[in-house]
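Now for the letters of each chain:
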Amino acid sequence: MADPLTLFTSVGLSEQKAKETLKNEALSSALKEAIAKAQQVLGASGIDKSMGTLLYTMVSRLRDPRRLGFLTDQIAQRKICTELQLAAALEFVKGHPQDPINQKEFDTLCGVGVVITPEQIEDKVEQVIKKHKEQLLKERYRFNMGLLMGEARCGLMWADGKMIKNEVDLQVLHLLGPKTEADLEKKPKVILTFQPSLASAGENYKTEGYVVTPKTMDLLKEHMKVTGGQIRTRFPPEPNGILHIGHAKAINFNFGYAKANDGICFLRYDDTNPEKEEEKYFTAIKDMVEWLGYKPYAVTHASDYFQTLYDLAVELIRRGHAYVCHQRGEELKGHNPPPSPWRERPAEESLVLFDRMRQGLFAEGEATLRMKTVMEDGKLDPVAYRIKYTAHHRTGDTWCIYPTYDYTHCLCDSIENITHSLCTKEFQARRSSYFWLCNALDVYCPVQWEYGRLNLTYTVVSKRKIIKLVETSIVRDWDDPRLFTLTALRRRGFPPEAINNFCAKVGVTVAQVTMEPHMLEACVRDVLNDHAPRAMAVLEPLKVTITNLPEGTWNDVRVPDFPANEFMGSHVVPFTRTIFIEQSDFREVIEKGYKRLTPDQPVGLRHAGYVISVQKVIKDAQGRVAELEVLCCSSHEVAEKPKAFIHWVSEPKKCEVRLYERLFLHKNPEDPSEVPGGFLSDINPNSLQVIDCALVDCSVSKAKVFDKFQFERVGYFAVDPDSTEDKLVFNRTVTLKEDPGKI
């Protein structure tokens, strides 16, 4: 058998997930056993990624190891094919600890062999739509279609969700007809741009909506003793993906507000979901924060406080503000889930059950700890703790219960004595529960203040959708320069100063802001124009031989790094008998307005002090221009100044150049009214052009990864990490302000 790491990755686990699994001896041993048993049925290479995922999920959730062989066999024989069936199977074996297992009963309760026909789906959806017909006709396409999906799904438990959705869409269209202008009309948003005026440290109670209790002032006094009145903010990303342009605004606001007020800002990882966290995300997030020019006062983790958070949860139960609930996750979904029948459970009973949750005596989803509060969006009793039998990146197997965002966020803010909890507008619905939880436990309560998110058109930033782009090989990875993740922007050559300047121009807004990419690109040009040294590169070379220069001619030509300020340095390039120019800088037939080289029109060479004129056009077998023979003379010797000066290279370095355009064809690729086929159908086929035989002058030969240049008359470029000692690779960051074809 292959070594464990290779074995686990061969069935679909990521390398990082495989390494994390190997840290858990019991889990890795069970997974190896399951893979071996499945291979006995299917052969060494018969386990695909979907089956590997089911095997991993099964062994990580299975509480009775005696059932591992049975469940593995059901998965290998493709009787259990979905997560829904697996959940039912795990529930079945838990409730049937005695041998033998009744296979017929198992098959029935787990949907084995169940076939749902299109006709059944059609009939069920028709019933659901008939039930809600009156409201559908009234609200039309503003009706919550998820409700129809949910009810249809309840009646067809093992049906394919995609087929149900398609049928719902079809029948709704038949009932309502195509969307009208009124359906598509969006309410105009009033965007108010301002610099926020927030309460000073220690004056939290002056903030609108802040809840004052009899203990508030004493807690604020203790807080002031700890902080000395210093402003404290935090940037709290989840380490389960790469930061994007929207996060840049959050970083600038949190770190910038603290810096502007002589305060401090924490980088706190919200690492409460071990299933999705990987080391590469922790590292990448910190790298991007520092790349943007910010240094955290401290790097902390929610997991640093797991014991404290647990102790506070126990206290919350004792005070009668939380209870252990057994409602399933699917029961809690939707707008109006039923209230929990366990809400009035005695605190003593919940304390015992919560301790059993921690000891691992319940299966995943079998019990949660819920808080007795109503959120601003009407959500009743949000979950505080849930069970996950997954090893944590930092705490290993110490915990099998993990706190949720709704529980963790405000308490971590309180523990770190954060003064201003700055978060995006979608968290406004959690503000009341934020204040409630701190006050229910009589701990210091920071101020929560919400601002609008920053979005860009012509892109997607959701983790799930970027993963889809990677999996379908539309982009290479999270740092593909066509994306708007921060790692992608860095790779493309965007300077961090430009991103910060863009965020400053956008400002802090109450409502969500959607900007055009060209506004960000303008900020990039402003910075690169002042900081990117000039060089000359030819993307589509045309060989030019200067016949009136003798063989072996070699002149050094000095080129300023910044022509507008020659005191900022220069570099030397050779000028020889053979040079290369852009193919587009020569035309056999002169056209109106064309100012560059033709058989009847000379052209100047930038920085060289020469003017060349065509003597002979040499073509290849296909009749294409392959080489020019020209005469040159000093620009001081010509009677009439040439209409244009073009760039050129001599004794150049061969390089690869990657030219990027927008990844999507439409402004809003996620909007079904604009792109009915979904964002994957909106890919721009010309978003990447690779030129592998470009030529660049030798001044850049020692360039390092991410070094930036302006290739004269072409655009701004940065050195890509794919570069080698033998061949540099350049990414086009942005085009020049001018039309590249205009001199």
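Numbers given for residues are sequential positions, taken from 1 along each chain in its written order. In view of the model being predicted, local features appear only for residues whose pLDDT reaches at least 70, and side-chain atom pairs are presented and counted only at 80 or more, with totals across whole chains, interfaces and linings using the full set of residues. Side-chain metrics in this entry use all non-hydrogen atoms of the structure; hydrogen atoms and water are not considered.

As a further point, take the packing of aromatic side chains. Between the rings of Phe, Tyr and Trp (Trp by its six-membered ring), a pair exists once the centres lie within 6.5 Å; its type follows the angle of the planes, with under 30 degrees stacked, over 60 edge-to-face, and the other angles tilted. Counted under the stated rule, the structure contains 23 aromatic pairs. Each ring, one from Phe306 and one from Trp399, has its centre 6.2 Å from the other, and the planes form 80°; the classification is edge-to-face. Of this pair, Phe306 sits in helix H16 (residues 306–318) while Trp399 sits in the loop between strand S6 (383–387) and strand S7 (401–403); the two residues are 93 residues apart in sequence, bridging distant segments of the chain. Here Phe306 and Trp399 have matching classes, each one buried. Between Phe575 and Tyr610, the aromatic rings sit 4.9 Å apart at their centres with planes inclined by 15°, giving stacked as the arrangement. Here the residue Phe575 occupies a position in strand S16 (residues 570–576), and Tyr610 occupies one in strand S19 (residues 610–619), the gap between them amounting to 35 residues. Taking relative accessible area as the criterion, Phe575 reaches 0% and is therefore assigned buried. Members of the aromatic cluster, joined through ring pairs, are Phe306, Tyr310, Phe354, Tyr385, Trp399, Tyr402 and Tyr407. The positively charged end of Arg358 is found above the aromatic ring belonging to Tyr310, 4.5 Å away from the centroid. Lysine NZ or arginine CZ positioned within 6 Å of the ring centre and within 35 degrees of the ring normal marks a charge as sitting over the ring. One Lys or Arg, Arg662, reaches over the ring of Tyr458 and ends 3.9 Å from the middle of that ring. Comment: elements are numbered from the N terminus, with helices defined as DSSP H or I runs of at least four residues and strands as E runs of at least two. Buried, partly exposed and exposed residues are distinguished by accessible area as a fraction of the type maximum, computed with a 1.4 Å probe on protein chains only: under 20%, between the cut-offs, and over 50%, respectively.

Right, let's talk about the sheet that holds strand S3 (residues 298–301) for a bit. If DSSP finds at least two bridges between two strands, the strands pair. Read from one edge to the other, the open sheet built from 3 strands follows the order S1-S2-S3, with strand pairing classed as parallel. A single partner strand is all that each edge strand has here, and the edge strands are strand S1 (232–235) and S3. Pairs of neighbouring strands in the sheet enclose a mean axial angle of 35°, with direction left out of account. Relative to S3, strand S2 (residues 264–269) runs parallel, the two being bridged by 4 bridges. Among the inter-strand pairings, Tyr269 is bridged to a residue of S3, identified as His301. The strands that helix H14 (residues 245–260) touches are S1 and S2; relative to S1, the one it contacts most, it runs at about 160°. In what follows, a contact means two residues having at least one pair of non-hydrogen atoms within 4.5 Å. Each axis is a line fitted through C-alpha atoms, and for a helix only the stretch in contact is used; angles between axes span 0 to 180 degrees, taken between their N-to-C directions. The strands touched by helix H15 (residues 279–291) are S1, S2 and S3; relative to S2, the strand with the most contacts, the crossing angle is about 160°.

What follows deals with the pattern of salt bridges. Put simply, a salt bridge is a Lys or Arg side-chain nitrogen that is within 4 Å of an Asp or Glu carboxyl oxygen. Taken as a whole and judged by the stated rule, the model has 46 salt bridges. Among the salt bridges present, the one from Asp480 reaches Arg482, with a minimum N-O distance of 2.9 Å. For the residue pair Asp480 and Arg482, the accessibility class agrees, reading buried in each case. A single network of salt bridges, built from pairs that share partners, joins Arg476, Asp479, Arg491, Glu656, Arg658, Asp720 and Asp722.

Let's shift gears to the pairing of strand S25 (residues 715–719). Burial analysis of S25 places 5 of its 5 residues in the buried class, the great majority of the element. Burial along S25 is two-sided: Gly715, Phe717 and Val719 facing one way and Tyr716 and Ala718 facing the other are all buried. Here strand S24 (residues 708–711) hands over to S25 after 3 residues, with Arg713 in that stretch at a positive phi of 70°. Bridge count for S25 against strand S26 (residues 728–734) is 4 bridges, and the pairing is antiparallel. Considered in S26, the bridge of Ala718 is made with Asn731.

Okay, the UniProt feature "domain: Glutaminyl-tRNA synthetase class Ib non-specific RNA-binding" (unreviewed entry) in the protein next. UniProt positions are given in the numbering used here, feature names are shortened, and annotations may be inferred rather than shown by experiment. The sites that UniProt annotates as "domain: Glutaminyl-tRNA synthetase class Ib non-specific RNA-binding" (unreviewed entry) are residues 5–161 and 164–189. In the segment residues 5–161, helix accounts for 69% and strand for 0%; the C-alpha atoms at its two ends are 34 Å apart.

The subject of this paragraph is the environment of Glu91. Tracing the backbone through its elements, the reader meets Glu91 in helix H6 (residues 83–95). Given the relative accessible area of 36%, Glu91 is considered partly exposed. Glu91 sits 11 residues away from Asn102 along the chain, and the two C-alpha atoms are 14 Å apart.

Next up on the list: the environment of Thr108. Mapped onto the elements, Thr108 comes out in helix H7 (residues 103–109). Linking Thr108 and Gln127, residues 19 residues apart in sequence, is a C-alpha distance of 25 Å. Whenever two N or O atoms come within 3.5 Å, that pair is a polar contact, provided that in protein one can donate a hydrogen and the other can accept it, and provided that, for residues adjacent in sequence, both atoms are side-chain atoms. Within polar-contact distance, the side chain of Thr108 engages the backbone oxygen of Lys104 at 3.0 Å.

Time to look at the nonpolar core. In terms of nonpolar packing, the biggest core is built from 49 residues, with Phe235, Ile245, Ile251, Leu292, Leu486, Ile499 and Phe502 touching the most fellow members. Ranked by the residues each element gives to this core, the list is headed by H14, at 8 residues. Ignoring any residue separated from it by four or fewer positions in sequence, one finds Phe502 in contact with Ile245, Leu454, Leu456, Met515, Met519, Leu520 and Cys523. Among buried residues, the Ala, Val, Leu, Ile, Met, Phe, Trp, Tyr and Cys ones that are joined through side-chain atoms within 4.5 Å form a nonpolar core. In terms of nonpolar packing, the next biggest core, distinct from the first, is built from 43 residues, Leu369, Tyr389, Ile401 and Phe435 among them.

Residues spaced three or four apart along an α-helix point in a common direction, a consequence of the helix completing one turn every 3.6 residues. Expected helix span is taken as 1.5 Å per residue step, with the number of steps being one fewer than the number of residues. Its 12 residues give helix H13 (residues 216–227) an end-to-end C-alpha distance of 16 Å, which sits within 8% of 16 Å, the value for a rise of 1.5 Å per residue. Within H13, burial applies to Thr216, Leu220, His223 and Thr227. Buried residues of H13, seen end-on, are gathered within an arc of 60° and therefore sit on one face of the element. Exposed side chains of H13 directed beyond 90 degrees from the buried face belong to Lys221 and Lys225. Our arc is simply the arc of the directions from the helix axis toward the C-beta atoms.

Moving on, we get to the confidence of the model for the protein. On average, residues of the protein carry a pLDDT of 91, and 97% of them reach 70 or more. Per-residue pLDDT stays below 50 along residues 187–195; that stretch engages in 16 contacts with residues further than four places along the chain or on separate chains. Below a pLDDT of 50 lies the segment residues 738–743, which in the model reaches 6 contacts outside its immediate sequence neighbourhood of four places, other chains included. The predictor reports its confidence for every residue as pLDDT, a score running from 0 up to 100.

Before going further, it helps to examine a negative patch on the surface. A residue counts toward a patch only above 30% relative accessible area and without a salt bridge, and it is joined to like-charged neighbours within 9 Å or, for Val, Leu, Ile, Met, Phe, Trp and Tyr, to nonpolar neighbours within 5 Å. Only the protein chains shown count as cover for residues, with accessible areas throughout obtained via the Shrake-Rupley method and a probe of 1.4 Å. Residues counted as positive are Lys and Arg, residues counted as negative are Asp and Glu, and His and the chain ends are not counted. Here the site of a charge means atom NZ of a Lys, CZ of an Arg, CG of an Asp or CD of a Glu. Among the surface-exposed residues, Glu119, Glu122, Asp123 and Glu126 lie close enough to one another that they form a single negatively charged patch. Note on placement: Glu119 falls in helix H8 (residues 118–131). You can call Glu119 partly exposed: its relative accessible area is 49%.

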